[in-house]
Amino acid sequence: MAILVLGGAGYIGSHTVRQLVRAGRDVVVADNLLTGFRQAVDPKARFYQLDIRDRQALDRLFGQEDVQGVIHFAGSSLVGESMRLPLKYYENNLWGTTVLLQSMVDHGVDKIVFSSTAAVYGEPGQILIGEEDTTEPTNCYGQTKLAMEHMMKWAAQAHGLRYVALRYFNACGADSAGDIGEAHDPETHLIPLILQVPNGRRDKISIFGEDYDTPDGTCVRDYIHVTDLAQAHILAMDYLMVGKESNVFNLGNGIGFTVKQVIDAARRVTGHPIPAQVCHRRAGDPARLVASSEKARKLLGWDPRFGDLETIVASAWKWHSTHPQGYDG
């Protein structure tokens, strides 16, 4: 029986597929390739090019493959874009998930691991965020992800589905082999943006605000290596396969780094001065997002291995230095 990875040609999805294949799992990947890359998909996985909003295509896939569980990465995930194009996010994220769950119910597939986000918390009231903390998203992206969690909760109650929602923080880094990594267009994530400077693709890195209530005035984030995230998705699927109940887990290292600290780490890793310029704040950026992941460690047995910031940046640099144009070169 196979694990179906939706959005498996994207950044986190492709790393999860890689880890599943290494673990000897039977893997099916579906992706519409609007933001993913066919060459990022492990050749040992069976690939279908489809959009999860296409019910007929999903029904054909479930009819052809013996799918045991679904890992769901498909959707739109840019905070800034979600504020400009909210209806796109409701259509891609909410409608896409609606169609997916309808097809799963009709084909008797009852286990799903879902890629959620720390953005569901909005501006947290304390330093370490727990799963029971208030969810008040400050952007449309986070709001759609929270709505997707609610959708799964009610679908589980009505149709017997079981789900795990993984709320993770800042995904970063790249696979140790260095042949797959982060490639977005446009790029919005901090570490790859920083590394575009030593790669000669930009003159400087912008810092959006240095007047936050943090140690150096710049935003604090919890950076979690993409391989650790991939392992968490596999553990979550195994958790469902042994009959455990639906649940929500935070994924993070429990350590926050400021934007300036990340830039300094990149300077040390690359040996490049990486000039930085302070700009105005961006709308919807909380000052701090740091996870308490004790629940995932206890119930899933998750043990992230890449907590050191320089190790994370070095793995990203291994990919970006050899693929300065991403999968295009």
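Data block above holds the structure.
Keep in mind it's a predicted model, so treat the numbers as computed, not measured.

### A short note on the overall build of the protein chain
Helix and strand content of the protein chain: ten helices and 15 strands. Computed over C-alpha atoms, the radius of gyration of the protein chain comes to 19 Å, within 12% of the 20 Å expected from 2.2 N^0.38 for 329 residues, which places it in the range of a compact globule. Judged by the C-alpha coordinates and their principal axes, the protein chain covers about 55 × 45 × 40 Å. Counting all 329 residues of the protein chain, 56% fall into the buried class. Across the protein chain, the fraction of contacts at a sequence separation of at least 24, relative to all contacts at a separation of at least 6, is 78%. Entry remark: accessible area of the protein chain is about 13900 Å², with carbon and sulfur atoms responsible for 48%.

### Quick notes on the layout of surface pockets
Approximately 270 Å³ is the volume found for the second largest pocket. Lining the second largest pocket are 18 residues, and of these Ala-183, His-184, Arg-201, Gln-325 and Gly-326 sit closest to its centre. Considering only residue class, the lining of the second largest pocket consists of six nonpolar, seven polar and five charged.

### Here's the deal with the packing of helix H4 (residues 86–106) against helix H5 (residues 140–159)
For the pair H4 and H5, the least separation of the axes is 10 Å and the interaxial angle reads 20°. Judged by the inter-axis angle, H4 sits roughly parallel to H5. The two elements H4 and H5 cross, and the hand of that crossing is right-handed. Contacts from Pro-86, Tyr-89, Tyr-90, Asn-93, Leu-94, Thr-97, Thr-98, Leu-101 and Val-105 of H4 reach H5 at Cys-140, Tyr-141, Gln-143, Thr-144, Ala-147, Met-148, Met-151, Met-152, Ala-155 and His-159.

### What to know about the sheet that holds strand E1 (residues 2–6)
The strand order across the open sheet formed by seven strands is E3-E2-E1-E4-E5-E7-E12, and the pairing between neighbours is parallel. Lying at the two open borders of the sheet, with one neighbouring strand each, are strand E3 (46–49) and strand E12 (247–251). Geometrically, the sheet is characterised by an average inter-axis angle of 20° between neighbouring strands, direction not taken into account. In terms of strand pairing, E1 meets strand E2 (residues 27–31) through four bridges, oriented parallel. Bridging across to E2, Ile-3 finds its partner in Val-27.

Calculation notes
Residues numbered from 1 in each chain as written. Predicted model: local features only at pLDDT ≥ 70, side-chain atom pairs only at ≥ 80, totals over all residues. Heavy atoms only, no water. Helix = DSSP H or I, 4+ residues; strand = E, 2+ residues; numbered from the N terminus. Rg over C-alpha atoms; globule rule 2.2 N^0.38 Å. Buried < 20%, exposed > 50% of the residue type's maximum accessible area, 1.4 Å probe, protein only. Contact = heavy atoms within 4.5 Å. Areas by Shrake-Rupley, 256 points an atom, 1.4 Å probe, with all protein chains shown as cover. 1 Å grid on protein atoms, 1.4 Å probe; cavity = no way out; pocket = protein on both sides within 12 Å on 5 of 7 lines; lining within 4 Å. Points joined across faces, edges and corners; volume = space filled by probe spheres on them. Nonpolar A, V, L, I, M, F, W, Y, C, P; charged D, E, K, R; others polar. Axes fitted to C-alpha atoms, helices over the stretch in contact; angles between N-to-C directions. Parallel < 35°, antiparallel > 145°, perpendicular 65-115°, else oblique. Left-handed = near helix turned anticlockwise from the far one by under 90°. Pairing = 2+ DSSP bridges.

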